[in-house]
Amino acid sequence: MLTLPPELRDAFKEPLGPVTTDAEALLQAVDAHREAHDAPEAPLIAIGDVVTYHLRSAGREPDVAMVDGMTEREQVDAAIREAHPDAGEEHVEVANPAGKLSLELLEALYEAIHSSPATVIEVIGEEDLATLPALIVAPDGATVVYGQPGVGMVHVAVDEETRSESLALLHRFEGDVDAALDALGVEQA
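As a starting point, this report considers the structure included with it. Because the structure is a prediction, the values reported are computed rather than measured. (Residues numbered from 1 in each chain as written. Predicted model: local features only at pLDDT ≥ 70, side-chain atom pairs only at ≥ 80, totals over all residues. Heavy atoms only, no water.)

A short note on the environment of A65
Part 1 of the reasoning: Inspection of the secondary structure puts A65 in strand 4 (residues 64–67).
Part 2 of the reasoning: A65 sits in the buried class, given a relative accessible area of 1%.
Part 3 of the reasoning: In contact with A65, other than residues within four places in its own chain, are A46, T52, T119, V120 and I121. (Helix = DSSP H or I, 4+ residues; strand = E, 2+ residues; numbered from the N terminus. Buried < 20%, exposed > 50% of the residue type's maximum accessible area, 1.4 Å probe, protein only. Contact = heavy atoms within 4.5 Å.)

In structure tokens form, the structure reads like this:
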């Protein structure tokens, strides 16, 4: 559906929020963000196997976890891989090629964010670009956490500013952006 153009790749090299290796401190920031937006039920969305593993190890089940069995283009180690079948109440499998955002991934992300059971979306392919649509579709007070290779976990607090910045980036993708936004339930002017 959407393809990341080569000239936009650099836009994803800088973290979209603060980076930490301390999952407990990150979870405190998640709770503070929820409280600041009076949104105690706002979802915690984890993009990536290692991030999901660290959040669960710190005692918090992400409301939505998106995993693909890989980290830094290598298969995750057995301990991380074996922890995911126990995660979430629902499991959904979607296909999503590298460097793209498929309709299947976008629809699954929308459904997972707007449903109550904790959901693991298992991606056949790559989930790296899913952070952007997650930031667009998540409500204010939600948090998206993704991995920054070799550095740590990036904490992005969802609000109108992060949503607007993410929409601006998505509009620079190649493909049918309007259909992608429809799949995410985003009303367009």
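Thoughts on helix 2 (residues 49–57)
Part 1 of the reasoning: Looking at helix 2, one finds that the buried residues are D49, V51, T52 and L55. The buried side chains of helix 2 occupy one side of the element, clustering within an arc of 165° when seen end-on.
Part 2 of the reasoning: One or two residues past the end of helix 2 sits G59, with phi positive at roughly 95°. (Arc of directions from axis to C-beta.)

Thoughts on the packing of aromatic side chains
Any aromatic ring pair is given by two values, namely how distant the centres are and how the planes are angled relative to each other.
Part 1 of the reasoning: Scanning the entire structure with this criterion turns up one aromatic pair.
Part 2 of the reasoning: Ring geometry for F12 versus F173: centroids 6.3 Å apart, planes at 85°, classification edge-to-face. Highlighted residues: F12 in the loop between strand 1 (2–3) and strand 2 (19–20) and F173 in the loop between helix 6 (160–170) and strand 12 (174–175), separated in sequence by 161 residues.
Part 3 of the reasoning: By relative accessible area, which is 5% here, F173 ends up buried. (Phe/Tyr/Trp six-rings, centres within 6.5 Å; stacked < 30°, edge-to-face > 60°.)

A word on the side chain of D68
Part 1 of the reasoning: Mapped onto the elements, D68 comes out in the loop between strand 4 and strand 5 (70–71).
Part 2 of the reasoning: Looking at D68, the relative accessible area reads 14%, which means it is buried.
Part 3 of the reasoning: Within the structure, D68 has its side chain in polar contact with the backbone nitrogen of E127 (distance 3.3 Å). (Polar contact = N/O pair within 3.5 Å; in protein donor to acceptor, adjacent residues only side chain to side chain.)

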